[in-house]
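# Per-entry structural report
Each chain, letter by letter, is given below.
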Amino acid sequence: TDEPGVALFLRFADCVPIVLYDREHRAIALVHAGWRGTLAGIAAEAVRAMAAALGSQPGRLWAGIGPAIGPCCYEVGQDLAERFVGRFGPHTVSQTPGERPRLDLAAANTIALREVGVEHVMQAALCTACHHDEFFSHRREGGRTGRNAVIIALAP
């Protein structure tokens, strides 16, 4: 939106919240990127939508990647890990011998944003599963948990 006073709201419990801000056009967007959305290119789609609807130039956007489950805790199956390596490269998956692969959703979304021209990407680098005193985590709590929230708006 580019309308001052309109709030965008997102709830999440391990997925990646992404805030996009265009200072030049005074516009914002909020994206929810779990593993499915990340593979489907939701971050890049949001950048393209801002360009088409609001005239935003990707190189002038600022992207903030909020707290999400980190590569320290996000174990996935081999098939999913291979899909991420194939799409985003080897830096998005880590694996210790004898353990399941671990996925870095923040890194994958950073790559996706940079591929469409977003140069300014900042990561909170906070794992929702590790920081149990600050965040809810769907994985850590077996699906029985609250939700974290992001609310953003342009000042009038």
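Refer to the structure above for everything that follows.
This structure is a prediction, so every number in the text was calculated from the model and none was measured.

Okay, the side chain of Thr110 next. Considering the arrangement of structural elements, one finds Thr110 in helix α4 (residues 105-115). Residue classification places Thr110 among the buried residues on the basis of a relative accessible area of 7%. When residues no more than four places from it in sequence are discounted, the contact partners of Thr110 are Ile65, Val121 and Gln123.

All right, on to unusual backbone geometry then. One non-glycine residue, Arg26, adopts positive backbone phi at about 45 degrees. Considering the arrangement of structural elements, one finds Arg26 in the loop between β2 (16-22) and β3 (27-33). Unlike most non-glycine residues, Ala125 shows phi in positive territory, near 55 degrees. For Ala125, the position within the fold is in the loop between β7 (120-123) and β8 (148-152). Classification of Ala125 as exposed rests on a relative accessible area of 68%.

The next subject is the packing of helix α3 (residues 78-88) against α4. A pair of packed helices is characterised by two quantities: the angle between their axes and the separation of those axes. Closest axis-to-axis distance for the α3/α4 pair is 11 Å, and the angle between their directions is 25 degrees. Taken together, the axes of α3 and α4 are roughly parallel relative to one another. α4 is crossed by α3, and the crossing has left-handed handedness. Together, Phe84, Arg87 and Phe88 of α3 and Leu105, Ala108, Ile111, Ala112 and Glu115 of α4 make up the contact between the two elements. Of the residues that constitute the contact of α3 with α4, the class distribution is six nonpolar, no polar and two charged.

Thresholds applied
- Residues numbered from 1 in each chain as written.
- Predicted model: local features only at pLDDT ≥ 70, side-chain atom pairs only at ≥ 80, totals over all residues.
- Heavy atoms only, no water.
- Helix = DSSP H or I, 4+ residues; strand = E, 2+ residues; numbered from the N terminus.
- Buried < 20%, exposed > 50% of the residue type's maximum accessible area, 1.4 Å probe, protein only.
- Contact = heavy atoms within 4.5 Å.
- Axes fitted to C-alpha atoms, helices over the stretch in contact; angles between N-to-C directions.
- Parallel < 35°, antiparallel > 145°, perpendicular 65-115°, else oblique.
- Left-handed = near helix turned anticlockwise from the far one by under 90°.
- Nonpolar A, V, L, I, M, F, W, Y, C, P; charged D, E, K, R; others polar.

These results come straight from atomic positions and should not be treated as a statement about function.
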